[in-house]
Amino acid sequence: MSKKINIHLPEPADLLMEVRQTIIKKAWEGYDASKKIKRIEDISAEVSTNRVFKVIFEDNDYVIAKLSYFGNYEYFKEDHRIIHSLCNNLLFPFENFLSKSLLKNNRVYTYRYKQDKTDAWVVFYNPTRIFERLPRRLDEEHIRKLGTQIGKFHKACGRAKNVLPKASKTLRTDIFALMHELEVNEKQFGSAMQADFLKYHCDLFLKNRSKHNIHSFEIIPVFIDWNIGNFSVYPNLELYSRWDYDWFRMSYRILDFYFLSRVVSDAGDRTVFSYLIDPLMEDRFIMFLEEYHKVNPLTANEIRFLKEVYRFFILNYVIRNGKYFFAPQYADKLQAEAFEIYLPSVDRDFNPDKIIEALKLT
């Protein structure tokens, strides 16, 4: 059983702006007190509880600061250490693709602020150059090119995987953590019936996890959240820059596929969003996978396991961590839909054979 993760609920009305600014200023003083801050601008997307700031200095230089109080500080440090190593080990054409964290004494600089009930941490990034954004709804050319590019990027990550620091998170440890929290205080997840429903899906995930030869799956760096607001492309649609590492982890490449299915979906990017399983079954996603498969071949077992990847995403990111990560108006909606729509649809609405046949896998 994995150890219990200490997660702190945000303070009322989130962290007040003056508290956030104090934390950012203290974090910067720990990095380079000689460079004075002129002002701090909140540039957060307002979807998550994490906050993003533009820190502008007296000489008009600026950096980007990420303030988080979701999850676990040790995991936060670990993830950024792995990402930094990945940045330095990705080869052309991805050598400058990822946004880079600032270093101090040759290590990624992170700052932890603990006072009263506030436990928050900060990392600084160099500003990310942005070229072009994909349109809200992709056409066939966009879909096919994106499939090729993600396939090549995953191959590049796979080539770098052996020189990266070790990671401590796995899908199984996260599900064990949810099961432990259900045992300790099931009321935090709703009624006894809802808690039993979650336990059922946790058990099903663990059972099905052993059915598809996942020990043969390659473990690489994955970013999971590939919505179109998190990366930019060249005019020829090749990947140009990527930022936002909230859900980064070392795991199976197919963890990236659910969000990519949403990017290429017929509905496209939406301001009001849900996490329906439907995009995984769209012909547009199969089109994406066809191009991916040409440059980075998939296996039938990986396609079958996509259902469990979706189940894991709902259980871990929406149910277990949703109330800490998402802003309240999103968390309430998504968690209600998880019980009513998402989890009931997993075993009913996903048919791997359609994809397996389209990709001519055996």
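Residues numbered from 1 in each chain as written. Predicted model: local features only at pLDDT ≥ 70, side-chain atom pairs only at ≥ 80, totals over all residues. Heavy atoms only, no water.

Caption draft 1: Just unusual backbone geometry, in detail. At the junction of Phe 92 and Pro 93, the peptide bond is cis and its omega measures out at 10° in the coordinates. Mapped onto the elements of the fold, Pro 93 is located in the loop between helix H2 (73–89) and strand S4 (103–104). Residues other than glycine seldom take positive phi values, yet Ile 224 does so here, at roughly 65°. With respect to the secondary-structure elements, Ile 224 resides in the loop between strand S8 (219–222) and strand S9 (231–233). Of note, the phi angle at Leu 237 is positive, near 75°, even though the residue is not glycine. Note on placement: Leu 237 falls in the loop between S9 and strand S10 (239–242). (Helix = DSSP H or I, 4+ residues; strand = E, 2+ residues; numbered from the N terminus.)

Caption draft 2: Focus on the pattern of salt bridges. Under the criterion given, the structure shown has 28 salt bridges. Between Glu 140 and Arg 144 there is a salt bridge whose closest N-O contact spans 2.9 Å. Of the two residues, Glu 140 and Arg 144 are both situated in helix H3 (residues 140–160); the distance of four residues between them amounts to about one turn of the helix. Overall, Glu 140 belongs to the partly exposed group, its relative accessible area being 45%. Of the charged contacts in the structure, one is a salt bridge between Arg 320 and Glu 181, with a shortest N-O distance of 3.3 Å. Remark: Glu 181 occurs in helix H4 (residues 171–184) and Arg 320 occurs in helix H8 (residues 300–320); sequence separation between them is 139 residues. (Salt bridge = Lys/Arg side-chain N within 4 Å of Asp/Glu carboxyl O. Buried < 20%, exposed > 50% of the residue type's maximum accessible area, 1.4 Å probe, protein only.)

Caption draft 3: Up close: the packing of aromatic side chains. One pass over the full model with this rule turns up 51 aromatic pairs. Taking 5.7 Å as the distance between ring centres and 35° as the angle between the ring planes, the aromatic pair formed by Phe 313 and Tyr 317 counts as tilted. Taken together, the residues span about one helical turn, with Phe 313 and Tyr 317 both in helix H8 at a distance of four residues. In this structure Phe 313 comes out as buried when scored by relative accessible area, which is 5%. Residue classification places Tyr 317 among the buried residues on the basis of a relative accessible area of 7%. Just above the ring of Phe 259 sits the side chain of Arg 262; from NZ or CZ to the centre is 5.0 Å. (Phe/Tyr/Trp six-rings, centres within 6.5 Å; stacked < 30°, edge-to-face > 60°. Lys NZ or Arg CZ within 6 Å of the ring centre and 35° of its normal.)

Caption draft 4: Expanded view of the packing of H8 against helix H10 (residues 328–349). Here H8 crosses H10 at 165°, and the two axes come no closer than 10 Å. Classified by the angle between their axes, H8 and H10 sit roughly antiparallel to one another. Between H8 and H10 the crossing geometry is left-handed. Residue-level contacts link Lys 307, Tyr 310, Arg 311, Ile 314, Leu 315, Val 318 and Ile 319 of H8 to Leu 334, Gln 335, Ala 338, Phe 339, Tyr 342, Leu 343, Ser 345, Val 346 and Asp 347 of H10. For the contact of H8 with H10, the class distribution of residues is 11 nonpolar, two polar and three charged. (Axes fitted to C-alpha atoms, helices over the stretch in contact; angles between N-to-C directions. Parallel < 35°, antiparallel > 145°, perpendicular 65-115°, else oblique. Left-handed = near helix turned anticlockwise from the far one by under 90°. Contact = heavy atoms within 4.5 Å. Nonpolar A, V, L, I, M, F, W, Y, C, P; charged D, E, K, R; others polar.)

Caption draft 5: Representation of the side chain of Ser 68. For Ser 68, the location among the structural elements is in strand S3 (residues 62–68). One polar contact links the side chain of Ser 68 to the main-chain amide nitrogen of Phe 70, over a distance of 3.4 Å. (Polar contact = N/O pair within 3.5 Å; in protein donor to acceptor, adjacent residues only side chain to side chain.)

Caption draft 6: Structural view of the packing of H4 against helix H5 (residues 192–209). Their axes nearest at 10 Å, the elements H4 and H5 cross at an angle of 155°. The angle between H4 and H5 falls in the class roughly antiparallel. Crossing hand, H4 versus H5: left-handed. For the pair H4 and H5, contact is made by Leu 171, Arg 172, Ile 175, Phe 176, Leu 178, Met 179, Leu 182 and Glu 183 and by Ala 195, Leu 198, Lys 199, Cys 202, Asp 203, Phe 205, Leu 206 and Arg 209, respectively. Within the contact of H4 with H5, the residues separate by chemical class into 11 nonpolar, no polar and five charged.

Caption draft 7: Layout of the pairing of S10. Pairing geometry for S9 and S10, over three bridges, is antiparallel. If you follow Ser 232 over to S10, its bridge partner there is Ser 241. Two successive antiparallel strands, S9 and S10, enclose a turn made up of five residues, where Leu 237 displays a positive phi of approximately 75°. (Pairing = 2+ DSSP bridges.)

Caption draft 8: Quick peek at the nonpolar core. The biggest cluster of nonpolar side chains holds 100 residues, and the ones touching the most others in it are Leu 146, Phe 153, Phe 257, Tyr 275, Phe 288 and Ile 355. With 13 residues, H8 is the single largest residue contributor to this core. Ignoring sequence-local partners within four residues, the contact set of Tyr 275 consists of Trp 247, Tyr 258, Phe 259, Arg 262, Tyr 310, Phe 313, Ile 314, Val 318, Phe 326, Leu 334 and Tyr 342. Grouped together as the second largest cluster of nonpolar side chains are 19 residues, Trp 28, Tyr 69, Tyr 113 and Phe 124 included. (Core = buried A, V, L, I, M, F, W, Y, C linked by side-chain atoms within 4.5 Å.)

Caption draft 9: Highlighting the environment of Val 222. Its location among the elements puts Val 222 in strand S8. Classification of Val 222 as buried rests on a relative accessible area of 0%. Each C-alpha atom of the pair Val 222 and Pro 93 lies 18 Å from the other, and the pair is 129 residues apart in sequence.

Caption draft 10: Expanded view of the sheet that holds strand S7 (residues 118–125). The sheet built from five strands is open, its strands ordered S1-S2-S3-S7-S6 with antiparallel pairing. Here the strands that pair on one side only, and so sit at the sheet edges, are strand S1 (37–42) and strand S6 (110–115). On average, each strand axis in the sheet is inclined to that of its neighbour by 25°, with strand direction left out of account. Taken together, the six bridges between strand S2 (residues 51–57) and S3 define a ladder with antiparallel strand orientation. Across the sheet, Val 55 pairs through a bridge with Val 63, a residue of S3. Across the sheet, H2 touches S3, S6 and S7, and the angle it forms with S7 is around 10°.

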